[in-house]
2 protein chains.
Amino acid sequence: MKLTSKGRYAVMALVDLARFDNINPVSLRDISLRQGISLDYLEQIFSKLKKNEIVKSIRGTQGGYVLNKSPNEIKLTNIFHAVDEKVKTVQCKKESKKGCNGKATKCITHNLWDELEVHINTFFENKSLKDLLNNNKETRV
Amino acid sequence: MKLTSKGRYAVMALVDLARFDNINPVSLRDISLRQGISLDYLEQIFSKLKKNEIVKSIRGTQGGYVLNKSPNEIKLTNIFHAVDEKVKTVQCKKESKKGCNGKATKCITHNLWDELEVHINTFFENKSLKDLLNNNKETRV
DNA sequence: TATAAACTTGACCATTTTAGTCGGGTATGT
DNA sequence: ACATACCCGACTAAAATGGTCAAGTTTATA
Ligand code: FES
Ligand code: FES
C-alpha cells in the first residue's frame, strides 16, 4: 500500500499555499521552487484542486492561486478526493453483490478490507490543513 | 493508496487454510479452487509465507500446507511483512536525514506521513488470523 | 515400483499505473 | 507590448502489478 506522489504533492503544495496565502496569490512557480515539485506536474494537480473548489486562480502577472476555503474547512479527504487519490482495499465494485474477478459472492475477508478502508479514511477525515499549519515544529510522532 | 492483490490473497489463503487446517494439510489446489486464486500465483505467495515461518509444507501426495503458529499469533503485520506488502507513505529513506528526490531536508508534511503510516500499521498490528476466523458471520462494519 | 499429487524454483511477460514532460494556448498587470 | 502566470490536452519512459510457464523434486499409495 503506498501513497502516490500526486496525493503527497497536493497536500504539500496546499500547506505551502496556506502559509503564504495571506496577502497575495501564490504562483505555482514559487511553490515549485520551494517544495521541489515539477511545475508542469503542479499545474495538473492544481487544475483538479480548482475544479473541486479548493483553490481559486488569478490569472496574469502577479497572479497565482489562493485558498477557496479556510484551512480548517479543507480536510485531507477533500484534497485526496480532488486529485483522485482514493483508498482502495478491494478490486470489486462496492455496490455490486458480486465479488472480485466475477465471483458470485464476496470473499471471506471482505469485511476486513472494508474495516481497513474505513480506518484509513477516518484519518483523512480528521485532518485539516489547519492542523498541518500549527503542527510544524512541535510534532515529533 | 491501494492494497495489492498479493497482500489480499495472502490473507484470504491463510484464513482458508486456518479453517481446514485441523486434521490434514491443505493443498494449494484446494485453496485455489475455493478462493478463486491462480494456483501459480499462490505458489509464489506460499513460498514467502514458508520462508517467514508462517506455514509449514508437507510434500508428496496428500501433502499441502499447515499453519506453523496458532491463529492468534499470526497478525496481519506478519503476513504482510512476509509477502512484502509494506505500507509506504513516503519515497525517501526512513533513516536518512535527507528528503525525497535528494533534497537536503525532509518536506513540510513529513510528520503527517509518518503519522499516517503508524495509523495504518496499528490496524495490522491489532488483527490476527483468529479475529478473522470468528468474525465471519457477525461483522457488518 | 510406477504413478500421480503436490510442493519448489526461477524465469518470463502483458498490462496498467505512475510520474512526469511537452507544446501549445489565453489572460492580465505594468 | 511583453513578461508572467494560468490553462489544456497529448504524449511517454519507467516501474509495478498480477500473473503465466517450464522444469524440476518429494512422497503416499495402488
Ligand atoms: S475483495 Fe473483492 S470479493 Fe472481497
Ligand atoms: S516525504 Fe520524503 S521528504 Fe517528506
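Our subject is the structure listed above.
In this text, all values refer to a predicted model and were calculated from it rather than measured experimentally.

Undergrad: Give a description of the protein's contact with DNA strand C that names residues and reports values.
TA: The local shell around DNA strand C holds 27 residues, among which S38, Q44 and R59 of chain A together with K50 and Y65 of chain B are the closest. Among atoms of DNA strand C positioned within 4 Å of the protein, sugar and phosphate together represent 62%. R59 of chain A is positioned with one of its side-chain polar atoms (N or O) 2.7 Å from a base oxygen of DNA strand C. T61 of chain A places a side-chain nitrogen or oxygen 3.4 Å from a base oxygen of DNA strand C. Looking at the surface near DNA strand C, the elements that each hand over two or more residues are α1 (5–20) and α3 (39–51) of chain A together with α2 (28–35), α3 (39–51), β1 (55–58) and β2 (64–67) of chain B. Tallied by class, the residues present in the surface near DNA strand C amount to six nonpolar, 14 polar and seven charged.

Undergrad: Any details on the side chain of H110 of chain B? Residues and values, ideally.
TA: In this fold, H110 of chain B is placed in helix α5 (residues 110–125). On the accessibility criterion, H110 of chain B (11% relative accessible area) is buried.

Undergrad: I'd like a rundown of the protein's contact with DNA strand D, residues and numbers included.
TA: In the vicinity of DNA strand D lie 28 residues, with K50, S57 and Y65 of chain A together with S38 and Q44 of chain B positioned nearest. Within the contact set of DNA strand D, a base oxygen lies 3.3 Å away from a backbone nitrogen or oxygen of T61 of chain A. At a separation of 3.0 Å, a phosphate oxygen of DNA strand D approaches a polar backbone atom of S5 of chain B. Elements supplying a minimum of two residues to the surface near DNA strand D: α2 (28–35), α3, β1 (55–58) and β2 (64–67) of chain A together with α1 (5–20) and α3 of chain B.

Undergrad: I'd like a rundown of the interface of chain B and chain A, residues and numbers included.
TA: Listed as interface residues are 45 residues of chain B and, on the opposing side, 45 residues of chain A. Approximately 4,000 Å² of surface area, both sides summed, lies buried where chain B meets chain A, with 64% of it carried by carbon and sulfur atoms. The largest contributions to the chain B side of the interface with chain A come from M1, R8 and I108 of chain B, which together make up 20% of the buried area. Where chain B touches chain A, the interface holds two salt bridges. The salt bridge partner of K127 of chain B is E115 of chain A, with a shortest N-O separation of 2.9 Å. Inspection of the region where chain B meets chain A yields 15 residue pairs in polar contact (both at pLDDT 80 or more).

Undergrad: Break down α2 of chain B for me, with residues and values.
TA: Residue and element names in this part refer to chain B. Within α2, the full set of buried residues consists of L28, I31, S32 and Q35. All buried residues of α2 fall inside an arc of 100° around its axis, so they share one side. Those residues of α2 that are exposed and angled more than 90 degrees off the buried face are R29 and L33. Packing partners of the buried residues in α2 comprise α1, α3 and β2. Directly after α2, the chain includes G36, whose backbone phi takes a positive value near 70°.

Undergrad: So what's going on with the pattern of salt bridges? Which residues, and what values?
TA: All names here are of chain B. Tallying each qualifying case throughout the model produces ten salt bridges over all chains. With its nearest N and O atoms 2.9 Å apart, the salt bridge here joins E117 to K94. With E117 in helix α5 and K94 in the loop between α4 (76–82) and α5, this residue pair connects regions lying 23 residues apart in the sequence.

Undergrad: Would you mind going over the pairing of β1 of chain A in detail, with residue names and values included?
TA: Residues and elements named next belong to chain A. Bridge analysis of β1 against β2 gives four bridges, and the strand direction is antiparallel. By the bridge assignment for β2, S57 is matched with Y65. Here β1 hands over to β2 after five residues, with G60 in that stretch at a positive phi of 85°.

Calculation notes
Residues numbered from 1 in each chain as written. Chains lettered and ligands numbered in written order. Predicted model: local features only at pLDDT ≥ 70, side-chain atom pairs only at ≥ 80, totals over all residues. Heavy atoms only, no water. Near = heavy atom within 4 Å. Polar contact = N/O pair within 3.5 Å; in protein donor to acceptor, adjacent residues only side chain to side chain. Helix = DSSP H or I, 4+ residues; strand = E, 2+ residues; numbered from the N terminus. Nonpolar A, V, L, I, M, F, W, Y, C, P; charged D, E, K, R; others polar. Buried < 20%, exposed > 50% of the residue type's maximum accessible area, 1.4 Å probe, protein only. Contact = heavy atoms within 4.5 Å. Buried area = accessible area lost by both parts, 1.4 Å probe. Salt bridge = Lys/Arg side-chain N within 4 Å of Asp/Glu carboxyl O. Arc of directions from axis to C-beta. Pairing = 2+ DSSP bridges.

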